[in-house]
Amino acid sequence: GAPPDPPASAAASSGGTKLVAAPMVYIKGEEMTEYVMKLVLERWVGPYVDTSSWEHYDLSCKARDDSEDGVLRDAVTAGARLKAIFKEPTITPTEVQKARLGLKKAWGSPNGAMRRGWNGVTISRDTIHIDGLELGFKRPVLFERHAVGGEYSAGHGTFGPGKVTTTFTPADGSAPVTVVETELKDASNAVVTYHNPYDNVPELGRIFFERCLLHECVPYVVTKKTVFKWQETFWTKMKEVFDAEFKGRFAKAGLLDGTGGELQHLISDAATMQIVKWTDGGFGMAAHNYDGDMLTDEVAQVHKSPGFITSNLVGKAADGSLIKEFEASHGTAADMDEARMRGDETSFNPLGMVEALIGAMQHAAALNPAHEDADKVVTFTNDMRRVMHKLFREGKGTRDLCGPTGLTTEAFIDAAAAELDATYGK
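Presented here is a report on the structure given in the accompanying data block.

## Points about the packing of aromatic side chains
In step 1: Taken as a whole, this structure holds 17 aromatic pairs when the rule is applied.
In step 2: Between Phe-137 and Phe-283, the aromatic rings sit 5.9 Å apart at their centres with planes inclined by 80°, giving edge-to-face as the arrangement. Placement of the pair is Phe-137 in the loop between strand E6 (120-124) and strand E7 (141-146) and Phe-283 in strand E14 (residues 283-287), with a sequence separation of 146 residues.
In step 3: The class for Phe-137 is buried, based on a relative accessible area of 1%.
In step 4: Through a chain of ring-to-ring contacts, the aromatic side chains of Phe-208, Phe-209, Phe-242, Phe-246 and Phe-250 assemble into a single cluster.
In step 5: In this structure, Arg-340 packs its charged tip against the face of Tyr-35, placed 3.7 Å from the ring centre.

Right, here's the structure in full:
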């Protein structure tokens, strides 16, 4: 279906000539985060940037239910075409929410459809830093989480006593191979089968190593290959790419001085301890899907909260260009939304979401370098970041960082809008 009309903010006039944003997909969620992003678009972006080329898709529970998830399919198709996507946090409804919202079914997480539809390679999750403030890690910490495979796409069932046989049938028609045959003796047994597709690991490696060089981070590959022998391939593919394409550049940058001049492997157990200890930052980790999920939550905890971690899905289009979807690492802040609806004061920090918006707008500009205002839009987005950092440094941020004297949700939006107005002369 055609995308719905963009919000009125996209057409708001400031009297001057607006910068024209490059096309991208904007995915709307719900609850507190949707409310805050609406304010950001109306007060910060709308007055100075014409976003009429953006395609908007509503992934609220109601919109997904009404369209039988057609809106998700449309959003994925549009994302594959435009290759730059911003996503607000969304709800994956529980049975309780299904009943409360009157949904036809409890729709599954949209993430799987997005990772498949955009040929997901990695989910990049990095620490966000505020100039002049220390949150947790002093320097950047980068993480690549393999975007496919593992437990998330597992087939499973619970069975009584009997026998389980897992068989591989080759595509070339040659003889089937028994992977494992197991006797089940307990009255209750969970049987799980999954696989890790490894063809895109070299691409994950290239994305990871380039980013580590850019941010001057020491790279580590994390697996449990000592026990989970099948994970050896992840390590060998990463090391092959590193040795062939990156080793010299890392050595020249001095990033292998503390690792014996080689790419280092970390057992996942050790990684959990090092994340707590290495608070100076300046390192990157790449891991399988589930390990990446767990370890990035730990990084977020050391770095104050999930509000200060990015979450970007990187996929590969058929022409070799990168599809990038940017979102915050936190949820929809349902409790705060309930407080707001009651009329209570709230103090929501929009930094994680605005970082994602900045990332999407900058990727859209990079994909369209001939676009008339590409460079100016990048400058504007950097100014949004600068203004937020300035307010936090001055104690005019939200209460999670500035304590009880910090600003309310709306007052922080107003304060940043005033700074942007002063810069861009509303």
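## Re a nonpolar patch on the surface
In step 1: Residues Val-192, Tyr-194, Val-227, Phe-228 and Trp-230 make up a contiguous nonpolar surface patch of about 480 Å² in total accessible area.
In step 2: In this fold, Val-227 is placed in the loop between strand E12 (218-223) and helix H7 (232-252).

## Considerations on the side chain of Thr-398
In step 1: Structurally, the position occupied by Thr-398 is in the loop between helix H12 (374-393) and helix H13 (399-402).
In step 2: Those residues within four positions of Thr-398 in sequence are excluded, and the remaining contacts are Ser-347, Phe-348, Asn-349, Phe-392, Gly-406, Leu-407 and Phe-412.

## Observations regarding the pattern of salt bridges
In step 1: Per the stated rule, a full pass over the model turns up 35 salt bridges.
In step 2: Residue Lys-104 pairs with Glu-68 through a salt bridge whose shortest N-O separation is 3.8 Å. Linking Lys-104 in the loop between helix H4 (95-101) and helix H5 (111-117) with Glu-68 in the loop between helix H2 (61-66) and helix H3 (70-82), this pair joins segments that are 36 residues apart in sequence.
In step 3: Two residues, Glu-355 and Arg-385, come together in a salt bridge whose shortest N-O distance is 2.8 Å. Separated by 30 residues along the polypeptide, Glu-355 in helix H11 (residues 351-367) and Arg-385 in helix H12 bring together distant segments of the chain.
In step 4: Look at the salt bridges and you will find they share partners, linking Glu-203, Arg-206, Glu-245 and Lys-316 into a network.

## Some points on H11
In step 1: Counted at 1.5 Å a residue, the expected span for H11 with its 17 residues is 24 Å, and the 24 Å between its end C-alpha atoms agrees.
In step 2: In terms of residue burial, H11 counts as a mostly covered element, since 14 of its 17 residues are buried.

## Overview of the sheet that holds E12
In step 1: If you walk across this open sheet you meet the ten strands as E4-E2-E5-E16-E15-E6-E7-E14-E12-E13, and the pairing is mixed. Edge positions in the sheet fall to strand E4 (55-58) and strand E13 (264-267), since each has one partner strand and no second. Strand-to-strand, the axes of this sheet are offset by a mean angle of 20°, without reference to chain direction.
In step 2: Relative to strand E5 (residues 84-87), strand E2 (residues 25-28) is paired through three bridges, and the arrangement is parallel. Along E5, the bridge assignment pairs Ile-27 with Lys-87.
In step 3: Sheet strands touched by helix H8 (residues 268-277): E12, E13 and E14. Its angle to E13, the strand with the most contacts, is close to 95°.
In step 4: Its contacts with the sheet place helix H9 (residues 289-302) against E7, E12 and E14, and it is angled at close to 155° to E7.

The rules behind each value
- Position labels on residues start from 1 in each chain and follow its written sequence.
- Totals for whole chains, interfaces and linings use every residue, but because this is a predicted model, local features are given only for residues with pLDDT of at least 70 and side-chain atom pairs only at 80 or more, for both listing and counting.
- Only heavy atoms go into the side-chain values, all of them from the structure, while hydrogens and water stay out.
- Only the six-membered ring of Trp is used, alongside the rings of Phe and Tyr, when aromatic pairs are assigned; centres must lie within 6.5 Å, and planes under 30 degrees apart are stacked while those over 60 apart are edge-to-face, with the rest tilted.
- Going along the chain from the N terminus, every DSSP run of H or I of four or more residues is numbered as a helix, and every run of E of two or more is numbered as a strand.
- For every residue, the accessible area obtained with a 1.4 Å probe (protein chains only) is divided by the maximum for its type, and the residue is called buried under 20%, exposed over 50%, and partly exposed between those limits.
- Lysine NZ or arginine CZ positioned within 6 Å of the ring centre and within 35 degrees of the ring normal marks a charge as sitting over the ring.
- Candidate patch residues must exceed 30% relative accessible area and have no salt bridge, after which like charges are joined if within 9 Å and Val, Leu, Ile, Met, Phe, Trp or Tyr side chains if within 5 Å.
- Note that accessible areas follow from Shrake-Rupley with a 1.4 Å probe, and for residues the cover is restricted to the protein chains shown.
- Salt bridges are defined by distance alone: a side-chain nitrogen of Lys or Arg within 4 Å of a carboxyl oxygen of Asp or Glu.
- Throughout, a contact is declared for two residues whenever any of their heavy atoms are within 4.5 Å.
- To estimate the expected span of a helix, subtract one from its residue number and multiply by 1.5 Å.
- When DSSP finds at least two bridges between two strands, those strands are taken to pair.
- Every axis corresponds to a line fitted to the C-alpha atoms, with the helix fit spanning only the stretch in contact, and the corresponding angles, defined between N-to-C directions, vary from 0 to 180 degrees.

By themselves, these observations are geometric and do not establish any function.
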